[in-house]
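What follows is the residue order along each chain.
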Amino acid sequence: MPKLGIKPIRKEALVKATILEIGRTGSLDVTVSQIAKRAGMSPALAHHYFGSKEEMFLAAMRHILTVYGAEVRGALAVAEGPEGRVRAVLLASFSPSNFRREAVGAWLTFWVLAQTVPEAKRLLAIYQRRLRSNLTAALRSLAGPRAPDIAESLGAMIDGLYLREVLKSGPPDGAAAVATALRHLDAELARRA
C-alpha cells in the first residue's frame, strides 16, 4: 500500500476544521487562524495548502458533496422500485453524516458563497442538476410528465428543510425531515390521481 504523505493528511484536517468552524459560527465570518487552530497548525501552513480562505470553503464543500454523492449512490444501488429510489435520495439527503449541525451550517455558507464566487456557483449547479436528475428518473413511472416539476419541488423542500434546521437549536432530526419530504411527495402524487 502506498505511503500517505503529510500534505493530504493536513489538507483533510483543514477541510474538517473548516466545516466545524463554519458550523460553530454559522457564517462566513471564520478566520483562517480559527480554522488552523482547530486543525492544530499555523495560519501560514493553512495558507500554504489552500492559498485563501475561499479555497478552504470550496474544499470543504467539495468534501461535503463527495460524502453526499457517495451516500446517494450507495442508497440508490440497493433501492427497490421507483418509490424506493426517491426514498433513497431523501434518506441520503438527511442522513446523520449529511444532516449534522456542521454540514448544515456549511451548506448555508455555501449558498451565500455561490452568490459571488463562480466556482461555488458551479458546484451548487452540479449538485442541483444531479439531485434533479436522480429524483426525476425515479419519479417518471410514478408521476409521468409531472416528474420534473415534482423533482424540482422536492429539491426545494430539501433546501428549505436545511435552511430551517439552521434556525433551530438541538441536534438535527433527519427522520422528521424525511417524513416532511415524503408527505410532500405523497401530496404531489395524489394530485395526479
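These numbers were taken from a predicted model, which means no experiment stands behind them.

Caption draft 1: Fine view of the side chain of Glu21. Note on placement: Glu21 falls in helix α1 (residues 6–25). The class for Glu21 is buried, based on a relative accessible area of 5%. In this structure, Glu21 is in contact with Val30, Gln34, Ile35 and Arg38, ignoring residues within four places of it in sequence.

Caption draft 2: Seen up close, the packing of aromatic side chains. For the structure on display, the rule yields eight aromatic pairs. Where Tyr68 meets Tyr127, the ring centres are 5.7 Å apart and the plane angle is 65 degrees; that geometry is what we call edge-to-face. Of this pair, Tyr68 sits in helix α4 (residues 53–78) while Tyr127 sits in helix α7 (residues 118–143), and the two are 59 residues apart along the sequence. The residues Tyr68 and Tyr127 share a single accessibility class, namely buried. Here the aromatic rings of Trp107 and Trp111 are separated by 5.8 Å at their centres, their planes lie at 40 degrees, and the arrangement is tilted. Pair noted here: Trp107 and Trp111 are both in helix α6 (residues 101–113), with a separation of four residues, about one helical turn.

Caption draft 3: Spotlight on the pattern of salt bridges. Applying the stated criterion across every chain yields a total of 11 salt bridges. A salt bridge links Glu119 to Arg62, with the nearest nitrogen and oxygen atoms 3.3 Å apart. Separated by 57 residues along the polypeptide, Glu119 in helix α7 and Arg62 in helix α4 bring together distant segments of the chain. Look at Arg62 and you get partly exposed, because its relative accessible area is 33%. One salt-bridge network, in which partners are shared between bridges, spans Glu21, Arg24 and Arg38.

Conventions we followed
Residues numbered from 1 in each chain as written. Predicted model: local features only at pLDDT ≥ 70, side-chain atom pairs only at ≥ 80, totals over all residues. Heavy atoms only, no water. Helix = DSSP H or I, 4+ residues; strand = E, 2+ residues; numbered from the N terminus. Buried < 20%, exposed > 50% of the residue type's maximum accessible area, 1.4 Å probe, protein only. Contact = heavy atoms within 4.5 Å. Phe/Tyr/Trp six-rings, centres within 6.5 Å; stacked < 30°, edge-to-face > 60°. Salt bridge = Lys/Arg side-chain N within 4 Å of Asp/Glu carboxyl O.

Note that all results are geometric; they support no functional claim without further evidence.
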